[in-house]
Amino acid sequence: MKPKIAIFDLTDCEGCELELINLREKLSVIAGEADIANWRFASDSHDNGPFEITFIEGSPITESDIEVVKQARAVSRYVVSLGSCADLGGLQSSLKKNEWEKGIKEVYGDKYQTKSKPPKPLSYYIEVDVHLPGCPVNQNELSQVLASLISLKKPEKATYPVCLECKARENNCLFLEGEGCLGPITKGGCEAVCPSRGLRCWGCFGILEGANYPAYVKNIEKKFGKEKANMFLRSFFSQEEEYEDKG
Amino acid sequence: MSQSVLNHYICKIEGHGKLKLDYKSGKAKLTIDEGERLFERLVVGRDFLDAPFITARICGVCPTAHMLSSIKAIENAFDVSVTPNIIALRKAMLCGQIIQSHALHLYFLTSPDYLDVVNAIELHEKMPHIFKNAITLKKSGDMVVEVIGGRSVHPTAPTVGGFLSVPTKDTLRSLKKTLEYALPIAMETAELFAGFKYPSLKRETEYLTSVKNGRLDYYDSDHIVSNRGLNTAIENYTYAFTETVRNGSPVKYGSRDGHGFMVGALARMTLGSEHLHPKAAYAYHKIWQHKFPTYNSFHNNVAQSIEVIHLLEEAIEQLANVLTDKNDVFRVPYRVKEGQGYGVIEAPRGTLYHGIEINENGSIKIYDIVTPTVQNLINLEEDADALMKKHQKLESDKLYNEVEMLIRAYDPCITCAVH
């Protein structure tokens, strides 16, 4: 029997799902090898599981987001966090709790009552089997992960920083040129897509395990001052507790 | 349909909405179930250069539109004027953006309603020619954004003052060929969508679009016009309508004098059909053969398919402009200063506004975004009510299906609307 795949999206921009559609011809190959059983964004199929592979995109914010995450986990063999919002919390989680609460009042007015909670990564609520960060995810990494999961193998994690891929593409080093590029401490897998066009790395793949985080922070604090350095560091992995742990 | 939380949203639209129909009163209710993302707040206190990067992430389907609006707003605040070659590349990119979004919407979200398939991937086996067209058309738009912008979802290269880097002229020449190759496919797409049997609906609507000297100019407009005589300078755009908050709903609702109005492809093809490029004009007059406004919002799909042709022709023209321009510098210097600015462009779903206020040190003080879907929501509700009234004799699940199709025809982007 073909393995069943489900793709759920929570509060987010849907860009990572779009990268799935952007696999184009490959997508029809996947559809031949697996059964896409539940994908609201692109299909009318309404399977409730169980699923062998479940992609979840976006961060849980609303009550139903959180409910979807828990129910999906309960009926899935492998849960994949699809993109930075699911994996790290994403840009939308870069505000601290008090800033987030204040922001709701500023944008919607004093009388507005929200039913949401500050954005968190999936791993705050459930166990995640495969981490696929990126804003958006890298298409090659995405198709590799899909290929190994369809044969029910857990894919390998990247163990090198963005710098390695950046050097392989023979780019000028933006960090040495004085920019707050997060390449040295960020997990690779993106093929250095931003620095290759001259944009500093924003760290959307999250911090690489074993990176010398304290030394990097010291360096950019010296260069840009504490406040600006902090802005660079908390774009995609906002969770205050995580950030402070690492610092 | 099962009640599980794993499938209670309207499928094949961008974002999360639930539909409830009250068959007795003939009212349709679309509830938005999306968390507040607070993008307008996220950028406050950050460096102005962060705004295009961050606001692009409002939407994975139309990041280029947000990015360019944001860049325009900042350049407006700093009084920067960029060179014609930069404008031409940006215009080509915006064409690519709208083509990729329309191709996604037409083939992957809408066509299953009319081709009797569960999803567009099924077309690969059942109607391989249509699947191939879908992929090729989508790819042509993706390629423009990827080649010029660095990546098709969330571009990397555009920045304030121009581009961080640009492709070689050879690469641009081959991009131009890709678009020329896509033109006949866009014509076939218009034939396909002009030939679908759309549900009947007629309700007089006010259509709004931005224009320059009375013509469509997606990137660089100076006025907002409507078919009911609105004609106001672009800087007064946000005064043309009211945005209201409904408690518990994370989106705002735009209206004019208490009624809905519509922006997007149908509005643009209604107000700008006189100056279409030749192939698009052919599709409008000879393939579609009706005259906009038809006041049937389902025809937004037809308008999108004609617009794709127009934008392919426009992108080809803009690339030709870049290729003949002797200026090889794609970045102009500017001075950071205190100021306010706005950037208005035509995004895939309609007129998009970004407004910014910047401190003297370059940090962002205030940010304001008005998205197309916010402007379309009340009109969508009014249309849905009219559809329910007109088709009240239909069986309830058929009527439900039709209202869902209407929502899809609008191509709402709830993701954008929430921002």
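Residues numbered from 1 in each chain as written. Chains lettered and ligands numbered in written order. Predicted model: local features only at pLDDT ≥ 70, side-chain atom pairs only at ≥ 80, totals over all residues.

Focus: the overall build of chain B
Phase 1 of the analysis: Within chain B one finds 13 helices and 13 strands.
Phase 2 of the analysis: Rg of the C-alpha trace for chain B: 21 Å, near the compact-globule value of 22 Å for 419 residues, within the 12% margin.
Phase 3 of the analysis: By principal-axis analysis of the C-alpha atoms, chain B measures approximately 65 × 45 × 45 Å.
Phase 4 of the analysis: Within chain B, residue pairs in contact and separated by at least 24 positions form 72% of the contacts whose partners lie at least 6 positions apart. (Helix = DSSP H or I, 4+ residues; strand = E, 2+ residues; numbered from the N terminus. Rg over C-alpha atoms; globule rule 2.2 N^0.38 Å. Contact = placed C-beta atoms within 7 Å.)

Focus: the overall build of chain A
Phase 1 of the analysis: Across its full length, chain A carries 10 helices and five strands.
Phase 2 of the analysis: Taking 18 Å as the expected radius of gyration for a compact globule of 247 residues, we find that chain A reaches 19 Å, a close match to that expectation.
Phase 3 of the analysis: Expressed along its principal axes, the backbone C-alpha trace of chain A runs to roughly 55 × 55 × 25 Å.
Phase 4 of the analysis: Burial status across chain A gives 52% buried among its 247 residues.
Phase 5 of the analysis: Look at the contacts in chain A between residues 6 or more apart in sequence, and 73% of them connect residues 24 or more apart. (Buried ≥ 20, exposed ≤ 12 C-beta atoms within 10 Å, placed from the backbone.)

A few points about the pairing of strand S11 (residues 339–347) of chain B
Residues and elements named next belong to chain B.
Phase 1 of the analysis: Pairing analysis gives nine bridges linking S11 to strand S12 (residues 350–358), with the strands arranged antiparallel. Opposite glutamine 340, over in S12, you have glutamate 357 as the bridge partner.
Phase 2 of the analysis: As consecutive antiparallel partners, S11 and S12 are separated by two residues. (Pairing = 2+ DSSP bridges.)

Looking at the packing of helix H9 (residues 278–288) of chain B against helix H10 (residues 300–324) of chain B
Residues and elements named next belong to chain B.
Phase 1 of the analysis: At a minimum axis separation of 8 Å, H9 and H10 run at an interaxial angle of 155 degrees. Taken together, the axes of H9 and H10 are roughly antiparallel relative to one another. Listed contacts from H10 to Lys279, Ala280, Ala283, Tyr284 and Trp288 of H9 are Val302, Ile306, Ile309, His310 and Glu313.
Phase 2 of the analysis: Residues of the contact of H9 with H10, tallied by class, amount to seven nonpolar, one polar and two charged. (Axes fitted to C-alpha atoms, helices over the stretch in contact; angles between N-to-C directions. Parallel < 35°, antiparallel > 145°, perpendicular 65-115°, else oblique. Nonpolar A, V, L, I, M, F, W, Y, C, P; charged D, E, K, R; others polar.)

Topic: unusual backbone geometry
Phase 1 of the analysis: Looking along the chain, the bond that leaves cysteine 135 of chain A and enters proline 136 of chain A is cis, with omega of 0 degrees.
Phase 2 of the analysis: The topology assignment puts proline 136 of chain A in the loop between strand S5 (130–132) and helix H6 (139–150).
Phase 3 of the analysis: Note the cis peptide between phenylalanine 292 of chain B and proline 293 of chain B, where omega equals 5 degrees.
Phase 4 of the analysis: Tracing the chain through its elements places proline 293 of chain B in the loop between H9 and H10.
Phase 5 of the analysis: Positive phi, close to 50 degrees, is recorded for arginine 24 of chain A, a residue that is not glycine.
Phase 6 of the analysis: For arginine 24 of chain A, the location among the structural elements is in the loop between helix H1 (15–21) and helix H2 (25–33).

Observations concerning the sheet that holds S5 of chain A
Residue and element names in this part refer to chain A.
Phase 1 of the analysis: Strand order in the open sheet formed by five strands is S2-S1-S3-S4-S5, with parallel pairing between adjacent strands. What marks the edges here is a single partner per strand, and that holds for strand S2 (35–39) and S5. Shown here is a sheet whose adjacent strand axes are inclined to one another by a mean of 20 degrees, direction ignored.
Phase 2 of the analysis: Here three bridges tie strand S4 (residues 76–82) to S5, and the two strands are oriented parallel to one another. Of the residues in S5, the one forming a bridge with valine 80 is valine 130.
Phase 3 of the analysis: In the packing of H6 onto the sheet, contacts are made with strand S3 (51–57), S4 and S5, and the angle to S5 comes to roughly 160 degrees.

Considerations on the interface of chain B and chain A
Phase 1 of the analysis: Across the boundary between the two partners, chain B contributes 52 residues, which contact 59 residues of chain A.
Phase 2 of the analysis: Among the secondary structure elements, those contributing two or more residues to the side of chain B that touches chain A are helix H1 (39–42), helix H2 (50–56), helix H4 (84–115) and helix H6 (128–149) of chain B.
Phase 3 of the analysis: Here the residues of the side of chain B that touches chain A sort into 24 nonpolar, 15 polar and 13 charged.

Concerning the sheet that holds strand S7 (residues 223–226) of chain B
Residue and element names in this part refer to chain B.
Phase 1 of the analysis: If you walk across this open sheet you meet the four strands as S6-S5-S7-S8, and the pairing is antiparallel. Two strands lie at the open edges of the sheet, namely strand S6 (215–216) and strand S8 (231–233), each paired on one side alone.
Phase 2 of the analysis: Where strand S5 (residues 208–212) meets S6, two bridges bridge the pair, whose relative direction is antiparallel. From the neighbouring strand, lysine 212 faces S6, where its bridge partner is arginine 215.

Focus: the domain arrangement of chain A
Phase 1 of the analysis: Looking at chain A, the domain boundaries give domain 1 (4–150) and domain 2 (162–246).
Phase 2 of the analysis: Listed per partner, the contact involves 16 residues of domain 1 of chain A and 14 residues of domain 2 of chain A. (Domains from an automatic or database assignment.)

Some details on the environment of methionine 187 of chain B
Residues and elements named next belong to chain B.
Phase 1 of the analysis: You can see methionine 187 is positioned in helix H7 (residues 169–194).
Phase 2 of the analysis: A residue is classified by how many C-beta atoms lie within 10 Å of it, and methionine 187, with 20 of them, is buried.
Phase 3 of the analysis: Measuring from C-alpha to C-alpha, the distance between methionine 187 and isoleucine 309 comes to 6.8 Å, with 122 residues separating the pair along the chain.
Phase 4 of the analysis: Discounting residues that sit within four places of it in the chain, methionine 187 has contacts with Lys279, Ala283 and Ile309.

Digging into the nonpolar core
Phase 1 of the analysis: Core analysis: the biggest nonpolar cluster contains 197 residues, and Ile56 of chain A together with Ile306 and Leu312 of chain B have the highest contact counts within it.
Phase 2 of the analysis: Element by element, the count of residues in this core is highest for H4 of chain B, at 15 residues.
Phase 3 of the analysis: Among the domains, domain 1 (4–150) and domain 2 (162–246) of chain A are the pair contributing at least three residues each to this core.
Phase 4 of the analysis: Isoleucine 56 of chain A has contacts with Phe8, Leu10, Val69, Ala72, Val79, Ser81, Leu82, Ala86 and Leu122 of chain A, leaving out every residue within four places of it along the chain. (Core = buried A, V, L, I, M, F, W, Y, C linked by C-beta atoms within 7 Å.)

Thoughts on the packing of H4 of chain B against helix H12 (residues 396–410) of chain B
Residues and elements named next belong to chain B.
Phase 1 of the analysis: Running from N to C, H4 and H12 point in directions that differ by 145 degrees, and their axes come no closer than 10 Å. The way H4 lies across H12 gives a crossing that is left-handed. Contact with H4, carried on its side by Leu109, Thr110 and Asp113, involves Met405, Arg408 and Ala409 of H12 and no other residues of that element.
Phase 2 of the analysis: Class assignment for the residues of the contact of H4 with H12 results in three nonpolar, one polar and two charged. (Left-handed = near helix turned anticlockwise from the far one by under 90°.)

Some thoughts on the confidence of the model for chain B
Phase 1 of the analysis: Here chain B averages 95 in pLDDT, while 99% of its residues score no lower than 70.
Phase 2 of the analysis: Across the assembled chains, the prediction reports ipTM 0.95 with pTM 0.96. (pLDDT = per-residue confidence, 0-100.)

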